[in-house]
Amino acid sequence: MKNLLQRAGKTIKIKNMLFLTIAGIINAFGITIFLNPVNLYDSGISGTAMLAAQLTPESLSLSLFLIIFNLPLFLFGLKKQGKKFTFYAIYTVAVYSFVSWLITDVLPVDVSMASPLAGTDLLLCAVFGGVISGIGSGLAIKFGGAMDGIEVMAVIFAKKIGVSVGSFVMAYNIVLYVVCGFILQSWILPLYSIVTYFAALKTIDFIVEGFDRAKAATIIASVSRCDEICNALSEEFQSGVTVMQAQGGYSGKDKVMIYFVVNRFQIGKLKEIVREIDKKAYISITEVADVFSRNDSL
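Residues numbered from 1 in each chain as written. Predicted model: local features only at pLDDT ≥ 70, side-chain atom pairs only at ≥ 80, totals over all residues. Heavy atoms only, no water.

1. Section: a positive patch on the surface
On the surface, Lys13, Lys15, Lys84 and Lys142 cluster together to form a positively charged patch. Relative to the helices and strands, Lys15 is located in helix 2 (residues 14-35). Given the relative accessible area of 53%, Lys15 is considered exposed. (Patch = residues over 30% accessible without salt bridge, like charges linked within 9 Å, V, L, I, M, F, W, Y side chains within 5 Å. Areas by Shrake-Rupley, 256 points an atom, 1.4 Å probe, with all protein chains shown as cover. Salt bridge = Lys/Arg side-chain N within 4 Å of Asp/Glu carboxyl O. Lys, Arg positive; Asp, Glu negative; His and termini not counted. Charge placed at Lys NZ, Arg CZ, Asp CG, Glu CD. Helix = DSSP H or I, 4+ residues; strand = E, 2+ residues; numbered from the N terminus. Buried < 20%, exposed > 50% of the residue type's maximum accessible area, 1.4 Å probe, protein only.)

2. Focus on a nonpolar patch on the surface
There is a patch of nonpolar side chains on the surface, built from Met170, Ile174, Val178, Phe182, Trp187, Leu191, Ile194, Phe198 and Leu201 and spanning about 830 Å² of accessible area. Mapped by element, the contributors of at least two residues to the nonpolar patch are helix 9 (165-184) and helix 10 (188-209). Within the secondary structure, Ile174 is located in helix 9.

3. Re the nonpolar core
Counting residues in each nonpolar core, the largest one holds 57 residues, and the members touching the most others are Leu40, Leu62, Phe74 and Met153. Those elements giving two or more residues to this core turn out to be helix 2, helix 3 (44-55), helix 4 (62-76), helix 6 (83-106), helix 7 (122-142), helix 8 (149-157), helix 9 and helix 10. Examining the composition of this core, we find that 10 residues originate from one element, helix 6, more than from any other. Ignoring any residue separated from it by four or fewer positions in sequence, one finds Leu62 in contact with Ile31, Thr32, Asn36, Ser46, Ala49, Met50 and Ala53. If you look at the next biggest cluster of nonpolar residues, it comprises 20 residues, including Ile229, Val262, Leu270 and Ile283. (Core = buried A, V, L, I, M, F, W, Y, C linked by side-chain atoms within 4.5 Å. Contact = heavy atoms within 4.5 Å.)

4. Thoughts on the packing of helix 2 against helix 6
Look at helix 2 against helix 6: their axes get within 8 Å of each other, and the N-to-C directions meet at 40 degrees. Classed by the angle they form, the pair helix 2 and helix 6 counts as oblique. When you trace helix 2 past helix 6, the crossing you get is right-handed. Here Asn16, Met17, Leu20, Thr21, Gly24, Ile25, Asn27, Ala28, Phe29, Ile31, Thr32 and Ile33 of helix 2 lie close against helix 6, whose contacting residues are Phe87, Tyr88, Tyr91, Thr92, Val95, Tyr96, Val99, Ser100, Ile103 and Thr104. Residues belonging to the contact of helix 2 with helix 6 are distributed by class as follows: 14 nonpolar, eight polar and no charged. (Axes fitted to C-alpha atoms, helices over the stretch in contact; angles between N-to-C directions. Parallel < 35°, antiparallel > 145°, perpendicular 65-115°, else oblique. Left-handed = near helix turned anticlockwise from the far one by under 90°. Nonpolar A, V, L, I, M, F, W, Y, C, P; charged D, E, K, R; others polar.)

5. Examining the packing of aromatic side chains
With the rule as written, the count across this model stands at 10 aromatic pairs. When the centroid spacing of 6.2 Å and the interplanar angle of 75 degrees are considered together, the rings of Phe29 and Phe34 count as edge-to-face. Judged by relative accessible area, Phe29 falls into the partly exposed class, the value being 34%. The exposure class assigned to Phe34 is buried, which follows from its relative accessible area of 5%. Where Phe34 meets Phe128, the ring centres are 6.1 Å apart and the plane angle is 20 degrees; that geometry is what we call stacked. Highlighted residues: Phe34 in helix 2 and Phe128 in helix 7, separated in sequence by 94 residues. With a relative accessible area of 43%, Phe128 lands in the partly exposed category. An aromatic cluster is present here, built from Phe29, Phe34 and Phe128 joined pairwise through their rings. (Phe/Tyr/Trp six-rings, centres within 6.5 Å; stacked < 30°, edge-to-face > 60°.)

6. Points about the pairing of strand 1 (residues 214-222)
Here seven bridges tie strand 1 to strand 4 (residues 282-288), and the two strands are oriented antiparallel to one another. Paired with Ile219 across the strands is Ile283, a residue of strand 4. Of the pairings in the sheet, the one linking strand 1 to strand 3 (residues 254-262) comprises eight bridges and is antiparallel in character. Counterpart to Ile219 in the pairing with strand 3 is Ile258. (Pairing = 2+ DSSP bridges.)

7. Re the packing of helix 11 (residues 226-237) against helix 12 (residues 267-277)
Where helix 11 meets helix 12, the axes come as close as 10 Å, and the angle between the chain directions of the two elements is 150 degrees. By the angle class used here, helix 11 and helix 12 are roughly antiparallel. As helix 11 runs across helix 12, the sense of the crossing is right-handed. The residues of helix 12 that touch helix 11, namely those facing Glu228, Ile229, Ala232, Leu233, Glu236 and Phe237, are Lys269, Leu270, Ile273, Val274 and Ile277. Grouping the amino acids of the contact of helix 11 with helix 12 by side-chain chemistry returns eight nonpolar, no polar and three charged.

8. Here we look at the sheet that holds strand 1
Overall, antiparallel pairing links the four strands, which are arranged 2-3-1-4 in an open sheet. The open sheet has two edge strands, strand 2 (242-247) and strand 4, and neither has a second partner. Neighbour-to-neighbour, the strand axes of the sheet open up by a mean angle of 25 degrees, direction not taken into account. Set on the sheet, helix 11 makes contact with strand 1, strand 2 and strand 3; between it and strand 3 the angle comes to about 10 degrees. Together, strand 1, strand 3 and strand 4 form the strand contacts of helix 12, whose direction differs from that of strand 4 by roughly 160 degrees.

9. Remarks on the confidence of the model for the chain
On average, residues of the chain score 85 in pLDDT, and 91% of them are at 70 or above. Summarising per-element confidence for the chain, the mean pLDDT is lowest in helix 1 (residues 2-8) (54) and highest in helix 2 (93). (pLDDT = per-residue confidence, 0-100.)

Below, the structure written as structure tokens:
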């Protein structure tokens with residue numbers, strides 16, 4: 001651990017540490033204020049820790065299980081994920097665990113029987129707990145860390161067993177909620193926990209990838225129309241265009257492939273421009289999670 005801290009410390013960024021601290025605080029707030037008081041479950045290792053805390057003596061708290069369950073998984077994934085990620089992840093979970101302990105055991109907040117903000121309304125607790133914990137998890141991912149060790153295990157083992165990372169995490173959560181249902185002998189809380197899971201999942205997508213994803217347009221057009229299409233797009237949207245040489249697989253004719261990034265409000269205009277110039281052009285639109293360079297540099 002000492003060696004890990006020494007090597008990771010060379011590349012640690014203060015900005016990342018600040019936002020990871022905020023992420024841990026937000027996640028702890030969502031879990032301890034909304035979910036844990038009404039026995040709803042978060043996803044992954046966090047949900048497992050919540051179940052374990054409910055089934056064991058009060059001396060074994062949620063914050064303790066978060067460390068016990070997550071730390072070995074992050075260290076196990078050290079080689080695969082790298083020292084900096086492992087340090088960030090352990091730090092984030094440590095903040096999450098510490099703030100959870102403060103809220104449940106130190107601060108004058110009663111979270112033993114009901115949510116201080118939503119009472120015993122399971123739907124409100126599920127939705128707001130999921131959204132708030134999703135904000136925390138999303139910030140952790142965006143700034144280089146993680147809030148849950150199951151994601152590390154998914155990266156390591158998903159490909160080996162022939163499933164996607166998302167499918168691996170979802171399968172774990174399904175098993176977790178089924179186990180909760182059998183232990184509690186009731187399916188109400190596990191079903192509401194699924195609502196929490198999907199609320200958190202969607203929030204994480206928004207935090208990591210943004211509310212308005214860019215769109216990538218791939219245009220296959222004739223060579224003779226290439227310059228006209230590129231000039232029209234550049235003039236209309238004030239952006240650069242990337243052109244690649246291509247060949248029709250069936251016809252064998254020379255083609256050009258034009259790559260252009262727009263926002264969702266510009267898609268209609270883009271289609272209109274291309275169709276006016278080349279009615280036979282093929283246009284494919286895909287989502288872009290992040291754009292790291294300006295269009296005019298293309």
